[in-house]
Each structure stands twice: as C-alpha cells, then as structure tokens.
Amino acid sequence: MTNIKLPYGLSNEQVVSIDDVESGLKCNCVCPSCKSQLIARKGEEKQHHFAHYNSEDCGWKGESIIHKISKEIFLESKTLRLSQVLWSYKPELVIYGETSIPIDNVKLECRIDDIIPDVIIESKGKELLVEIKVSHGIGHEKFQKINRLNISTLEIDVRRIVANSFRDNNYFLKSKDFKNALINGIDNKYWIYNWEKERIKQLMIEEKSKTLPIKLLDTSWKFEDLYYIDNCPIEKRTWNSGFKEGEPYANYNEDCRKCNYFLGQCEQNKPIHSKNGAIYCIGHLSETEYVINGFIFNNKKKINYKM
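The text that follows walks through the structure, step by step, so that each part is easy to find. (Residues numbered from 1 in each chain as written. Predicted model: local features only at pLDDT ≥ 70, side-chain atom pairs only at ≥ 80, totals over all residues. Heavy atoms only, no water.)

Details of the overall build of the chain
Scanning the chain from terminus to terminus reveals 5 helices and 24 strands. When burial is assessed residue by residue, the chain has 44% of its 307 residues classed as buried. Accessible surface, the chain: about 17900 Å² in total, of which carbon and sulfur atoms supply 46%. (Helix = DSSP H or I, 4+ residues; strand = E, 2+ residues; numbered from the N terminus. Buried < 20%, exposed > 50% of the residue type's maximum accessible area, 1.4 Å probe, protein only. Areas by Shrake-Rupley, 256 points an atom, 1.4 Å probe, with all protein chains shown as cover.)

A word on the packing of aromatic side chains
Tallying each qualifying case throughout the model produces 4 aromatic pairs. Seen from their ring centres, Tyr228 and Tyr249 are 6.4 Å apart, and the 90° between their planes marks the pair as edge-to-face. Placement of the pair is Tyr228 in strand β17 (residues 226-230) and Tyr249 in strand β19 (residues 248-251), with a sequence separation of 21 residues. For the residue pair Tyr228 and Tyr249, the accessibility class agrees, reading buried in each case. Ring geometry for Tyr252 against Phe262: centres 6.2 Å apart, planes inclined by 85°, an arrangement best described as edge-to-face. Residue Tyr252 is found in the loop between β19 and β20 (262-266), and its partner Phe262 is found in strand β20; the two are separated by 10 residues along the sequence. (Phe/Tyr/Trp six-rings, centres within 6.5 Å; stacked < 30°, edge-to-face > 60°.)

Thoughts on the packing of helix α1 (residues 63-76) against helix α4 (residues 176-183)
For any two helices packed against each other, one specifies the crossing angle of their axes together with the interaxial distance. Between α1 and α4, whose axes approach to 11 Å, the crossing angle comes to 80°. On the basis of their axis angle, the class for α1 and α4 is roughly perpendicular. Contacts between α1 and α4 involve Ile69, Ser70, Ile73, Phe74 and Glu76 from the first element and Phe178, Lys179, Leu182 and Ile183 from the second. The residue makeup of the contact of α1 with α4, split by class, is 6 nonpolar, 1 polar and 2 charged. (Axes fitted to C-alpha atoms, helices over the stretch in contact; angles between N-to-C directions. Parallel < 35°, antiparallel > 145°, perpendicular 65-115°, else oblique. Contact = heavy atoms within 4.5 Å. Nonpolar A, V, L, I, M, F, W, Y, C, P; charged D, E, K, R; others polar.)

Here we look at the sheet that holds strand β18 (residues 237-238)
Strands sit in the order β16-β17-β19-β18 across an open sheet of 4 strands; the sheet is antiparallel. Edge positions in the sheet fall to β16 (215-217) and β18, since each of these pairs with one other strand and no more. One ladder, built from 2 bridges, connects β18 with β19; its direction is antiparallel. Note on β19: the bridge partner recorded for Arg237 is Tyr249. (Pairing = 2+ DSSP bridges.)

So, the pattern of salt bridges
Two side chains carrying opposite charge are able to pair once their charged atoms lie near each other. Under the criterion given, the structure shown has 17 salt bridges. Note that Lys107 and Glu127 form a salt bridge whose closest N and O atoms lie 3.8 Å from each other. Here Glu127 lies in strand β12 (residues 126-133) and Lys107 lies in strand β10 (residues 105-108), a separation of 20 residues in the sequence. Of the charged contacts, one joins Arg237 and Asp255 as a salt bridge, the two residues approaching to 2.5 Å between their closest N and O atoms. Residue Arg237 is found in strand β18, and its partner Asp255 is found in the loop between β19 and β20; the two are separated by 18 residues along the sequence. Judged by its relative accessible area of 27%, Arg237 falls in the partly exposed class. Three or more residues are tied together by salt bridges with common partners; here these are Lys107, Glu122 and Glu127. (Salt bridge = Lys/Arg side-chain N within 4 Å of Asp/Glu carboxyl O.)

Points about the sheet that holds strand β15 (residues 210-213)
The strand order β15-β21-β20 describes an open sheet built from 3 strands, whose pairing is antiparallel. Each edge of the open sheet carries a strand with a single partner, namely β15 and β20. Within this sheet the neighbouring strands show an average axis-to-axis angle of 30°, counted without direction. Relative to strand β21 (residues 278-281), β20 is paired through 4 bridges, and the arrangement is antiparallel. Bridge pairing in β21 links Gln265 to Ile279.

What about the nonpolar core?
In terms of nonpolar packing, the biggest core is built from 50 residues, with Phe74, Leu80, Leu128, Val130, Leu182 and Ile279 touching the most fellow members. Here the element with the most residues in this core is α1; it accounts for 5 residues. Every residue in contact with Ile279, bar those within four places of it in the chain, is listed here: Lys210, Thr211, Leu212, Ile214, Ile229, Tyr252, Cys256, Phe262, Gly264, Gln265 and Cys266. Val21, Cys31, Ala40 and Phe50 belong to the second-largest nonpolar core, a separate cluster that totals 10 residues. (Core = buried A, V, L, I, M, F, W, Y, C linked by side-chain atoms within 4.5 Å.)

So, the layout of surface pockets
Here the largest pocket defines a volume of roughly 1500 Å³. Lining the largest pocket are 42 residues, with Trp87, Phe143, Lys197, Glu198 and Lys201 positioned closest to its centre. The volume enclosed by the second largest pocket comes to roughly 660 Å³. Along its surface, the second largest pocket is lined by 22 residues, and Leu82, Ile101, Lys126, Ser152 and Trp191 are the ones closest to its centre. When residues of the lining of the second largest pocket are traced back to their parent elements, those giving at least two are β9 (99-102), β11 (119-123), β12 and α5 (195-207). Broken down by element, the lining of the second largest pocket gets its largest block of residues, 4 residues, from β9. In the lining of the second largest pocket, the residues fall into 10 nonpolar, 8 polar and 4 charged. (1 Å grid on protein atoms, 1.4 Å probe; cavity = no way out; pocket = protein on both sides within 12 Å on 5 of 7 lines; lining within 4 Å. Points joined across faces, edges and corners; volume = space filled by probe spheres on them.)

Take a look at the structure:
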C-alpha cells in the first residue's frame, strides 16, 4: 500500500477520487493531510494520481481518508456480517458461527464513558463497538477500558482490505467491492471483546471452576523464575526429579495462559507470585458434568457443540 500514489483528495471538504475530477489544477483539490494544493495527473501512460503542486510531498499514505471512508460506509449500511466467536484458536473451537445483524442506528466518534469508539452500532436494543484498524490496533489501555464497559467490540483490519484492493488495481474505496469486503466480509474481522463469551466464562467461574494456586519455583539458575500450577488436570507436564517426581504440573506462562480450560487469574490486581495468586480452571470436568447454552465443556481438550 505504501507504493501507491495518492488516489484521493479533498474538494470542498469532501473526499474525491482521482477519477471524479478534471485533470490539472481544475481538480480544485487539497491534500487530506497537509491541506496543500494538489494537481490531478491523468496522463495516458502512468497511473492517474494526485500530486502536491508547488510544495513538497508531505508523505501522506492515506490512513486518514481510509478511516473516514470506512466509517461513512457504516452510515449507509443496513446489516453487518460478524465473524465467528471462538473459545480458542489452537485448536479452533467455535462458540457461535458467522452471522449477520441488522443495523438500526449508527453513531460515529461518540464518547462512551472515557473512550471514543470509531463506530457504535445499535442492533435490536444492544450496542456493538467497531474499531477501524488502519495503522494501529487497539492498545492495552483501551482494551482494558472496553473490558470494563462489558460491550462487545469488533476490530476490522481495513489495512488488509485496502491492500487487497490496491493489489487488484482497484484504488476506489467507495467501490462496491470495498464496501462488500468491509460490511459482508469476515476474513479481516476480529473480536476484541464478546459479551456472550464472557458471560459463559463467568458462569463457569462461579459454578464449576476449580481454584488452583500459582506457585513460584525459586532457583539459583540464570533462567527466569518458574511460575507453576501443581496437579494440572490434563497432566501437561510431570516433574522429572525431586520429591514431586512423576506428579503433573503446568507452566503458568507457557501452558495455562494458552489452555482452553484457563478462565483467568484470581486476584487480577496482584502479582502472580503473591500468596493469594491463583487461577480458575475447568480442566477437571467430565464430558457430561457441565453444559451451558448448548455447549459441553469437557476434559478431552475440546469443546463440543450440542444441539
């Protein structure tokens, strides 16, 4: 995308494509970034594009316009295709499949509490936050705030959609192909937070999870300290020596945090090696012991869907 010459300008504060305007200075456009005058170069041999006129190229790569056009497309859309909700990626365990929701109302850049989402979609009395990723995704601080708000949040990697369009020599972001990829495509949509998934997780924590203490293995080695969980229910590892030889355990960082049965850490505001450090785990459950919302959570390293 960085090799593409400037295909957009601003005319009377409206985004216009190079194909929308007359050639030369008659385009009456300015640069979306630095607001310098642009000239429309529409020759026979080279790709049509805008160039700065009597000023240096400011290095604009299109992020602001891509962001603006993407948000405006939501104002015109009546539905939105959502990607599947996964319990885990490896292996891929699906809680809910792909689905489309109606769009009843759209708000752009409106504050909720202390964050400003790119798009707020209202559908059937619920809100969905949509973040448009062009150059940077959601940072850790904003992620934590979204968790506290408990509102489902979807991130769309528009940068990849644009890259695919430009690769096919389609530089018009208001085209049907771009709109369809943004609204109906699912390849570049990722759940930052899903309310229903968190609800299921919380019910499991309250009803069926087991609290397992996190322990610190102090060593004189030059390696990082080992934070571990004794009696790992899926027997991820076993001690090779010492008084615990043969007993199962799990490495907190390498095993637990990547495990399908890890529901989170107790006492989140405390370091993992504190005396109260512990995790919530459901690896001890049998196949028929826990069913919620039609899902069986079992100790066979998978989650089965039950109709």
